[in-house]
Amino acid sequence: MKFLKRFIFSISCLLLVSCGEEAARSPTAHNHDAGKEQNQNCEIIQKPEYALSKDMQQMFIVQGQELPYFIFRMCISGKEQYITCKLDSRNKWNTEKAKWSDYIVGRHKNEGSFIVSDSKGTFYILCYNRQKTKYSLYRIMQGKKPQKLDIDGIYERQKDRKLLSFNLINDNRLIFFFSQDEMDIQGSAIEYDTMREEFIEGEGHIDDISANFDKNGNYYCVSPGQKLIMKKSPYHEIPEAVIKCDAITEESQNSLLIIQDDFGYILTRKGIYGGKIDDKNWREVLPVEQIQYCEDFSTPVLGIANIVKVSGEDREFYLMTWKNKECTDFEWIHYMVE
């Protein structure tokens, strides 16, 4: 279970995705009755040409965007570069070399990275060596040169632990996750103030490093046995609040759960459920009968790798959908539910 959760996290939260070249087939609407009409209010969008290609080193999905948005770290003919790829309103991919690519690659060639973005389009890029013993953090604002931030304090705070990932709480607070085991899905949490360029005193804990945060610094995770979504602070063991969701099952421990605009959405065996983050119950938003996914998977929880929610449209989603059980190919499916 830990490996499965960690694998899903690696796809959905801006981490390295392994690539392959095995042929794949289009997803089939699973669990539909014979002869039942497929959902007509959806359209299939093929993945970008760079995704999972032989030249791809890392693939990032920028969270909090209204349309799918990728950043690829590529090595083409021996030349490393970062490439941005955005879906436009016509469902076409707009691809270009990132304006900051040469700056970052020139200083961190052959190094891995984590990337997060705030609500204003500012990127934070954390570069690290293979041993994850040396880090550099950059803030990249639109139209400006990358700014290196002081994170020398990270080494004292890291101790002998491994950096698992980092995330954004709001537009000026980052949170870093550490653990003894790189395969862990939970770990210690340390906050960083990007304005003051300093780590905040104290250390918290997070039960799920793939969790999304609200603007107040609370994260949301699933308690399958109780059919609850828990709103938690990294600094308190007891939940701040709970949300009831009857569609949650044991496999929901691996479910995609997104927080956006004071609303939340979770993918379950029964479809996508959601509501306001201060609601007592979440309701059905997109029933499973209208979701297409590969028949190799018993549930959409396993067959769908990522969700992009269109802001302000309660029933408009883009779902990143695997085309085979080996997870070597995918496509996006755009749902517009009446």
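Quick caveat, the model's predicted, so the values are computed rather than measured.

Conventions and cut-offs
Residues numbered from 1 in each chain as written. Predicted model: local features only at pLDDT ≥ 70, side-chain atom pairs only at ≥ 80, totals over all residues. Heavy atoms only, no water. Salt bridge = Lys/Arg side-chain N within 4 Å of Asp/Glu carboxyl O. Buried < 20%, exposed > 50% of the residue type's maximum accessible area, 1.4 Å probe, protein only. Helix = DSSP H or I, 4+ residues; strand = E, 2+ residues; numbered from the N terminus. Polar contact = N/O pair within 3.5 Å; in protein donor to acceptor, adjacent residues only side chain to side chain. Contact = heavy atoms within 4.5 Å. Phe/Tyr/Trp six-rings, centres within 6.5 Å; stacked < 30°, edge-to-face > 60°. Lys NZ or Arg CZ within 6 Å of the ring centre and 35° of its normal.

Undergrad: Quick rundown of the pattern of salt bridges? Include the residues and the values.
TA: Evaluated as defined, the whole model comprises 15 salt bridges. The partner of Lys-99 in a salt bridge is Glu-96, and the shortest N-O contact between them spans 3.7 Å. Exposure remark for Lys-99: the relative accessible area of 76% places this residue in the exposed category. Overall, Glu-96 belongs to the partly exposed group, its relative accessible area being 42%. With a closest N to O distance of 4.0 Å, Arg-196 and Glu-198 form a salt bridge. Beyond isolated ion pairs, a larger network of salt bridges with shared partners links Lys-47, Lys-323, Asp-329 and Glu-331.

Undergrad: Explain the side chain of Glu-111 to me, and be specific about the residues and the numbers.
TA: Within the element layout of this structure, Glu-111 appears in the loop between α2 (101-107) and β6 (112-117). Looking at Glu-111, its side chain comes within polar contact range of the side chain of His-108, at 2.9 Å. In contact with Glu-111, not counting residues within four places along its chain, are Arg-73, Glu-80, Cys-127, Tyr-128 and Asn-129.

Undergrad: I'd like a description of the packing of aromatic side chains, backed by residues and values.
TA: Scanning the model with the defined rule gives 20 aromatic pairs in all. Here the aromatic rings of Phe-176 and Phe-199 are separated by 5.5 Å at their centres, their planes lie at 55 degrees, and the arrangement is tilted. With a gap of 23 residues between them, Phe-176 in strand β11 (residues 173-179) and Phe-199 in strand β13 (residues 198-199) connect regions that are remote in the sequence. Judged by relative accessible area, Phe-199 falls into the buried class, the value being 14%. Ring centres 6.1 Å apart and planes at 90 degrees place the aromatic pair Trp-322 and Phe-330 in the edge-to-face group. An identical accessibility class is assigned to Trp-322 and Phe-330; each is buried. The lysine or arginine in question, Lys-309, covers the ring of Phe-317, its NZ or CZ lying 5.5 Å from the ring centre.

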